[in-house]
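Now for the letters of each chain:
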Amino acid sequence: MKLQVKFSLYNAITKIAIILVLGSIILFSLDRLAYNQLDNRLIKKKNKILEHLSNNEIDSLLNKEQSFTDYNILKEEFIVLTDIADNQSDSTAKVFTEKREIEGDVEVYRILNYKFSYQKNWYNLEIGETMTALQSIKNSIRFYMLVVLVAALLITLVADFTFSNFLLKPFYLIIDKKINLVNDPSHYDYQNIPTSTNDFKILDNSINSLMRKINTLFALEKQFIANVSHELLTPISILSTRFENMLNTPDIPVEHENKIYSSLKTLNRLKLIINSLLLISKVENNQYLKTEEISLKQEITDIHEDLEDRIADKNITYKADLSKDFQFTGNKALIHTLLINIINNAIKYNVEGGSITISDKAEAEKYILTISDTGTGMSAELAENAFDRFKRGNSEENGFGLGLAIVHSIAKFHKIRVDIKSEEHKGTSISLFF
Amino acid sequence: MNVLIVEDEKSLALEMDEFLSKEGFIVEHAWKKSSAEEKIFVNSYDFILLDLGLPDGDGFDILKQLKATKDRDDAVIILTARSAVDDRIKGLDEGADDYLPKPFSLNELLARMHAITRRKHKLEKNEINVHDFLLNIQNRTVSFGEERLNLTKKEFEIFNYLVLNKNRVVSRMSLTEHVWGDILEVNSDSNFVDVHVKNLRKKLASVSPTDWFETVRSIGYRINC
């Protein structure tokens, strides 16, 4: 998950939590406040009634027992006085909320119930005040609070996102430009990404200095490869020209002639090994360009022409059925080397009268080329190590060690995945995923 | 024809000298860039065999200087063990006539020199006579009198290479490398080349005896003429 998304998620979650806590505290205290207010008013009213209490008053209240304060058509409040038995002891006021039916309308009232004695007579006084108004006020407060809080949440979220976006922009630029998009260290752009955040500056500079180190190493390696090839190949060329001249000396004994020729062959083998190693090093050192348009079909046709006689020599049935003329950009010479190594192996390790099948498959995003043979195959263990340099398939003189190592490094250079499936005495099938 | 070998590795230069002298070339040496430049300034050569890594400078500079000079038509073959990928392209871009990576076979060098000679002096015939056989390099055909032989591409290539190196042994190895190129890890001592030579010989022998086409024991072949 991206850092920015994580930040935004964290912000959203904490804000929602804060709003929930805050909202419930406000609602709770609002409730308490309203009840307190109401209760105080009821108590004040009760005190007022008791203050002005007289026989007349009581009579009028008692008479009105059934009908409520008629001036109050909205039935916002009522006062009920009832005569009760005279042996009461308790005289505390009780406040509670209850539904009452007043003149046919059921409403929720806050009711104060108070028992008192007046001239040795006990009365029960109930003063009620409607809660409907309060309820609706509470509802609208709740509603507006919700709206305001949600709006605040959204606004801060957007602000957060924008700000973190702005804040993290240099970071993502560094990641993209200096890490993700860098294929070739030699074309690395050292320019600093403008930012005022120190941490990003440090990151940027560290990546730059790492890249500088890598580039120095790359250049050193390139120099080293050039030197090594010069140092190794020059003596070989001296020896091989000398041997060639010796071979053309008239009247040398046959025995010596044979020895000279086999020395030449040994030198040639040495040359092939050095050239193979140099090729791998140069590929891994990114010394090749990948700018040519390559037709895979054409390459395979060319290679078949080159290897025709080898195929015929072993009576191998060669079948190359490509459904698609796949084109891609790369290094033609390297791709040629890659394919020729695979196909040559398929011939070399094939049995007399075997077959080689080259087929392809176009998938959604990949093009897969498969080269299968009916050769000697390899054990699972060998197939696993097939790409290791210097591991040898069998005791034959030209092991496939370097051949497959070359295949591996060229494929890697072109970002082609290579899969080997092999079964001993049945054959090998190599798939290339373009 | 005269050849200047610009090569700091003396033993290699001497071997090339020996080989080319036998072929009738007049050979001169230069071990350093400075001496090479002097010699090139004084004389003109049919061939300059140029090593790139010289003790006192880069062989490319010599090439550049030569190509900047008017009226010079010296053919330049770059011979180098330097393995930078772009050297080859650069060399040919700068006007070198050919590029041969070290180690090379002397037979191959000679064949390339012949090819350049033919290319440079167009007046010279594109045909070579070998015991009444006529090789046409341009059309890549071989004919005997009026009769055109039906050779494959590889058979012609083999015949041509042997003819260019006539009177000397051409090893199977050198022949394989010339015909199939430098295919990595491909067995150099294979008998594929023998199969082609056998077919070639059969085709030649069907019209005229080919006792001049010699198999040199286990080594290779030679065309005597």
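Residues numbered from 1 in each chain as written. Chains lettered and ligands numbered in written order. Predicted model: local features only at pLDDT ≥ 70, side-chain atom pairs only at ≥ 80, totals over all residues. Heavy atoms only, no water.

(A) Region of the structure containing the pattern of salt bridges. Residue and element names in this part refer to chain A. Throughout the structure, instances matching the rule amount to 27 salt bridges over all chains. Between Glu 98 and Arg 100 there is a salt bridge, with the nearest N and O atoms lying 3.0 Å from each other. Using a relative accessible area of 34% as the deciding quantity, one classes Glu 98 as partly exposed. A salt bridge links Asp 204 to Lys 178; its shortest N-O distance comes to 3.0 Å. Remark: Lys 178 occurs in helix α3 (residues 132-180) and Asp 204 occurs in helix α4 (residues 198-247); sequence separation between them is 26 residues. Of the two residues examined, Asp 204 and Lys 178, each falls in the buried class. (Salt bridge = Lys/Arg side-chain N within 4 Å of Asp/Glu carboxyl O. Buried < 20%, exposed > 50% of the residue type's maximum accessible area, 1.4 Å probe, protein only. Helix = DSSP H or I, 4+ residues; strand = E, 2+ residues; numbered from the N terminus.)

(B) Structural detail: the UniProt feature "transmembrane region" (unreviewed entry) in chain A. All names here are of chain A. Here the UniProt-annotated "transmembrane region" (unreviewed entry) positions come out as residues 12-35 and 143-168. Helix makes up 100% of residues 12-35 and strand makes up 0%, while its end C-alpha atoms are separated by 34 Å. End-to-end, the C-alpha atoms of residues 143-168 are 37 Å apart, and along that stretch the chain is 100% helix and 0% strand. (UniProt positions renumbered as here; feature names shortened; annotations may be inferred.)

(C) Quick peek at the nonpolar core. Judged by nonpolar contacts, the single largest core of 47 residues is most densely connected at Leu296(A), Leu339(A), Ile358(A), Leu369(A), Ile371(A), Leu432(A) and Phe434(A). Those elements that place two or more of their residues in this core are α5 (254-284), α6 (296-313), α7 (332-348), β8 (355-362), β9 (367-373), α9 (401-413), β10 (417-423) and β11 (427-433) of chain A. Among the elements that line this core, the one with the most residues is α7(A), at nine residues. Excluding residues that lie within four positions of it along the chain, Ile358(A) makes contacts with Ile300(A), Tyr318(A), Lys319(A), Ala320(A), Asp321(A), Leu322(A), Ile343(A), Leu369(A), Thr370(A) and Ile371(A). Grouped together as the second largest cluster of nonpolar side chains are 29 residues, Val130(B), Leu151(B), Leu164(B) and Leu200(B) included. (Core = buried A, V, L, I, M, F, W, Y, C linked by side-chain atoms within 4.5 Å. Contact = heavy atoms within 4.5 Å.)

(D) Molecular detail of the packing of helix α6 (residues 153-164) of chain B against helix α8 (residues 192-205) of chain B. All names here are of chain B. Contact pair α6 / α8: the axes reach a minimum separation of 9 Å and the direction vectors enclose 85 degrees. Relative to α8, α6 is oriented roughly perpendicular. Together, Lys 154, Glu 155, Ile 158 and Phe 159 of α6 and Val 193, His 196, Val 197, Asn 199, Leu 200, Lys 203 and Leu 204 of α8 make up the contact between the two elements. (Axes fitted to C-alpha atoms, helices over the stretch in contact; angles between N-to-C directions. Parallel < 35°, antiparallel > 145°, perpendicular 65-115°, else oblique.)

(E) View of the interface of chain B and chain A. Opposite the 41 residues of chain B that make contact, chain A presents 46 residues. Residue Glu305(A) pairs with Lys153(B) through a salt bridge whose shortest N-O separation is 4.0 Å. For the side of chain B that touches chain A, the elements supplying multiple residues, two or more each, are α1 (10-22), α5 (106-120), α6, α7 (172-180) and α8 of chain B. The biggest single contributor to the side of chain B that touches chain A is α1(B), with six residues. When the residues that make up the side of chain B that touches chain A are grouped by side-chain class, the tally is 17 nonpolar, nine polar and 15 charged. (Nonpolar A, V, L, I, M, F, W, Y, C, P; charged D, E, K, R; others polar.)

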